[in-house]
Amino acid sequence: MRPNAAEREALSRMAGARRFIWNWALAQRGAYYRETGKSISHGELSRRLTELKRQPEMAWLKEVDSQAMQQVLVDLQRAYVNFFEKRARYPKFKSRKRDKARFRIPQRVKIADGRVYVPKVGSVRIRQSRAVDGDTKSATFKRDASGNWYVSLVTEFTMPDMPLVPARIEATVGVDLGLKDFAVLSTGECIPTPKFFRQSQVKLRRAQRVLARREKLSNRRKKAKRAAARIQAKTANRRSDFLHKVTTELVRNHEAICIEDLSLKGLAKTKLAKSVLDAGLGEFRRELEYKTVWNRKHLAVVDRFYPSSKTCHVCGAVNDLLALADRNWTCACGAAHDRDFNASLNIKSEGLNILVAAGHAGTLNCSSSECKTFACGGGSC
Ligand SMILES: [Zn+2]
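Report follows, based on the coordinates.

1. Some details on the pattern of salt bridges
Part 1 of the argument: Across all of its chains, the model carries 16 salt bridges by this definition.
Part 2 of the argument: The partner of Asp241 in a salt bridge is Lys245, with the nearest N and O atoms 3.0 Å apart. With a gap of 4 residues between them, Asp241 and Lys245 both fall in helix α5 (residues 219–253), about one helical turn apart.
Part 3 of the argument: Relative accessible area serves as the criterion here: at 39%, Asp241 is assigned to the partly exposed category.

2. Some words on the coordination of the zinc ion
Part 1 of the argument: Only Cys312 (SG), Cys315 (SG), Cys331 (SG) and Cys333 (SG) from the protein coordinate the zinc ion, and they sit 2.2 to 2.4 Å from it.
Part 2 of the argument: Because the angles between the 4 donor atoms bound to the zinc ion fall within 103 to 116 degrees, the donor set is best described as tetrahedral.
Part 3 of the argument: In primary sequence terms, the donor set of the zinc ion follows C-x2-C-x15-C-x1-C. Within this pair, whereas Cys312 is found in the loop between β11 (298–302) and β12 (328–330), its partner Cys331 is found in the loop between β12 and β13 (336–338), the two being separated by 19 residues in sequence.

3. Some words on the sheet that holds strand β3 (residues 115–118)
Part 1 of the argument: Spatial strand order, β2-β3-β4: 3 strands in an open sheet with antiparallel pairing. A single partner strand is all that each edge strand has here, and the edge strands are β2 (111–112) and β4 (122–125).
Part 2 of the argument: Taken together, the 4 bridges between β3 and β4 define a ladder with antiparallel strand orientation. In the strand pairing of β4, Arg115 is matched with Arg125.

4. Things to note about the nonpolar core
Part 1 of the argument: If you look at the biggest cluster of nonpolar residues, it comprises 37 residues, and the most contacted ones within it are Met1, Ile21, Phe103, Ile105, Val118, Phe141 and Trp149.
Part 2 of the argument: Sorting the residues of this core by element identifies α1 (5–36), α2 (42–54), α3 (66–84), β1 (102–105), β3 and β5 (135–143) as the ones contributing at least two each.
Part 3 of the argument: Top contributing element to this core by residue count: α1, with 10 residues.
Part 4 of the argument: Discounting chain neighbours no more than four positions away, the residues touching Val118 are Met1, Phe103, Ile105, Val124 and Phe141.

5. Overview of the sheet that holds strand β7 (residues 172–177)
Part 1 of the argument: Taken in spatial order, the 5 strands line up as β9-β8-β7-β10-β11 in an open sheet, and their pairing is mixed. Across the chains shown, the open sheet's two edge strands, defined by having one partner strand only, are β9 (190–192) and β11. Averaged over all pairs of adjacent strands, the angle between strand axes in this sheet comes to 20 degrees, irrespective of strand direction.
Part 2 of the argument: The sheet contacts of α5 involve β7, β8 (181–185), β9 and β10 (256–260), and relative to β8 the element is tilted by about 0 degrees.

6. A closer look at the environment of Ser12
Part 1 of the argument: Counting through the fold element by element, Ser12 comes out in helix α1.
Part 2 of the argument: Considered as a pair, Ser12 and Lys142 are 130 residues apart in the sequence and their alpha carbons are 9.6 Å apart.
Part 3 of the argument: Apart from residues no more than four positions distant in its own chain, Ser12 is found in contact with Arg143 and Trp149.

7. Re the pairing of β5
Part 1 of the argument: By the bridge criterion, 4 bridges tie β1 to β5 in an arrangement that is antiparallel. Its bridge partner lying in β5, Phe103 is registered against Phe141.
Part 2 of the argument: Pairing geometry for β5 and strand β6 (residues 149–156), over 8 bridges, is antiparallel. When the bridges of β6 are listed, Thr136 appears paired with Thr155.
Part 3 of the argument: Where β5 folds back on β6, the antiparallel hairpin that results is connected by 5 residues, among which Gly147 adopts a positive phi of roughly 95 degrees.

8. Brief notes about unusual backbone geometry
Part 1 of the argument: Positive phi, close to 50 degrees, is recorded for Asp113, a residue that is not glycine.
Part 2 of the argument: Along the polypeptide, Asp113 turns up in the loop between β2 and β3.
Part 3 of the argument: Look at Leu217: it is not a glycine, yet its phi comes out positive at around 65 degrees.
Part 4 of the argument: Note that Leu217 resides in the loop between α4 (195–213) and α5.

What counts, and where the lines are drawn
Residues numbered from 1 in each chain as written. Predicted model: local features only at pLDDT ≥ 70, side-chain atom pairs only at ≥ 80, totals over all residues. Heavy atoms only, no water. Salt bridge = Lys/Arg side-chain N within 4 Å of Asp/Glu carboxyl O. Helix = DSSP H or I, 4+ residues; strand = E, 2+ residues; numbered from the N terminus. Buried < 20%, exposed > 50% of the residue type's maximum accessible area, 1.4 Å probe, protein only. Donors = N, O, S within 2.8 Å, 3.2 Å for Na, K, Ca; no water. Tetrahedral: all angles 85-135°; square planar, octahedral: opposite > 155°, others 65-115°. Pairing = 2+ DSSP bridges. Core = buried A, V, L, I, M, F, W, Y, C linked by side-chain atoms within 4.5 Å. Contact = heavy atoms within 4.5 Å. Axes fitted to C-alpha atoms, helices over the stretch in contact; angles between N-to-C directions.

What follows is the structure, given as structure tokens:
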């Protein structure tokens, strides 16, 4: 978004009101539960909000879109449901310093002529790279750490009627996410980790050192803080761009994709935690999940305890002596392996086992007991 000074102020006011209502509603829920032992109903909370807005010292809330305020109660309700269903932590009070400024508008949002219409704020200029498909349902407005505002839209459209067909074995790919390279594919392709990950880390560390030297509450500190936030925001954008390109290409070029379930908690204990792409792995999987669904393709997630690196893809023997530092190794059967390429082949065959069992991949015609890897493409052994 490209808001002018007045619009910027109005947007911040909306975000401030959202935080205020969130904290107020959270306190109301807590107090109600302590008094009655029961959860407050949505109707009761909504009634109390109307009452709150009538109080003279709350007049400033009239400057704020009432639909957006009602939405806060819905968002909080969802936060509780997510907590009870063990998807999220208990909802917390929002702090002005820690939390990003944001708010959501539930009704249709108009986008036209390079502008987005925001109730009680006005028509704000936006930079839009492509048209919005379908009916816009709701919009979320967010300010990042470097002060830029973004709007993201939820739109509704009908999926084209495409059948879900089983993947062909030769159109299936195994992906090994690595330390050295971002990913190695079972096709032999390698996706290197972009240089900017490392570069921006160096830049950020330098900016943070400068920030640490600045005196508290000084203008120079404020400036240094903004500079560090800008680097962070830019890195996040570039990472997002990189991940989208990789996942889109993978889905476009293959019928099924096999990946490892890299649980982030398990990863944090290893050296990979220091890796520059740690923040991107969960997102990588999330994108593959929805992009395969959208394009009627398949995704197989291999159990994270499956020893993809240690298993020889030729004979199936497991090499327990393989260390994290070993890039190459030779199996007792004589096969020489590149660690990551071998892993990607194993992920592919393990993924294919899952897909075949689910009826999502063509069954093997190959009857040879020697063929453990699907390397023959399913019929030539
Ligand atoms: Zn072997």
